[in-house]
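Listed below are the residues making up each chain.
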Amino acid sequence: MSRADQHLNRRSFLSRAAATAGVLATGGCDRLSQAPWIQEVLASTEGLTMRAQRALLSRTALAREYSEADISSQFRANGTSNPQEPAYQELAASNFIDWRLDVMGLVERPAQLSLEDLRRLPSRTQITRHDCVEGWSCIGKWKGPPLKNVLDQVGLRPEARFIIFRCADALEASLDGSGQYYESIDLVDALHPQTILAYEMNGEPLPIAHGAPLRLRVERQLGYKMAKYVMQIEAVASFAEIGGGKGGYWEDRGYEWYAGI
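## Here we look at the sheet that holds strand β2 (residues 111–113)
If you trace the 5 strands from one edge of the open sheet to the other, you get β2-β1-β11-β5-β6, paired in mixed fashion. The open sheet has two edge strands with one neighbour each: β2 and β6 (180–186). Each strand axis lies, on average, 20 degrees off the axis of its neighbour in the sheet, ignoring direction. Where strand β1 (residues 101–105) and β2 come together, 3 bridges link them in antiparallel fashion. Bridging across to β2, Leu 101 finds its partner in Leu 113. Those strands touched by helix α6 (residues 147–154) are β1, β2, β5 (162–170), β6 and β11 (230–236), and its axis lies near 140 degrees from that of β2.

Here you go:
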């Protein structure tokens, strides 16, 4: 999760145009950012970016992976680095023994999974680059089960279209008043082989600063999509009634929902 309050650093003209609207929203130009033409540009360019990327790349095309020698000596911890919510602090104090991942929503078999349950699933290890909207990048090594393995275990219902990730950290008050960080991806990214639920970083248990006990890795998108401190996964048909209806904490504040790179 990346907290940027200026420009969004994207890699195409259309992406930058959409990002500009996000900047206006977060930079205090609320009246202009809510102008109909700005909102239309934001929606249309985001859709074009997603369609173009997915037309040019296979749905299973992999983000570049690196060698052990490429791992960054220091990996910046951005956004929340230690949630202060009492429930989270209690879990952290017991080394997350009592932590459970709730998997719910449009699934056939809702589940509560412990870290041991997740470790028993087939895992994937990948060394990838994390690109932040603030303009910095780091390379890290991540291990955890592909999200697909978890979704296969609970069984997605046919009407499921998006996966919502609800997290333990709360930033400033969110649009629904809770302050809870959340994110979402569609099934194309949810079922991608590099989309994993990481419980290890650089060969060690995931540090609290980087999202312990579990964080999402969506390697073909920007860092703010990679939710930390994941507590709940929900399969939904739409996110229109969740939070501000834009699909994520920062998206509710003007960022693009699709942050593909």
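## Some words on the pattern of salt bridges
Under the criterion given, the structure shown has 13 salt bridges. Of the charged contacts in the structure, one is a salt bridge between Asp 152 and Lys 148, with a shortest N-O distance of 2.7 Å. Placement of the pair is Asp 152 and Lys 148 together in helix α6, with a separation of 4 residues, close to one helical turn. Among the residues examined, Asp 152 registers a relative accessible area of 44% and is labelled partly exposed.

## A word on the confidence of the model for the protein
Across the protein, the average pLDDT comes to 84, with 75% of residues at or above 70. Here helix α1 (residues 13–26) stands out as the element of the protein with the lowest mean pLDDT, 38, in contrast to strand β7 (residues 196–198), whose mean of 99 is the highest. Considering only residues more than four positions removed or in separate chains, one finds that residues 1–34, a stretch of pLDDT under 50, has 84 contacts.

Rules used in this analysis
Residues numbered from 1 in each chain as written. Predicted model: local features only at pLDDT ≥ 70, side-chain atom pairs only at ≥ 80, totals over all residues. Heavy atoms only, no water. Pairing = 2+ DSSP bridges. Helix = DSSP H or I, 4+ residues; strand = E, 2+ residues; numbered from the N terminus. Axes fitted to C-alpha atoms, helices over the stretch in contact; angles between N-to-C directions. Contact = heavy atoms within 4.5 Å. Salt bridge = Lys/Arg side-chain N within 4 Å of Asp/Glu carboxyl O. Buried < 20%, exposed > 50% of the residue type's maximum accessible area, 1.4 Å probe, protein only. pLDDT = per-residue confidence, 0-100.

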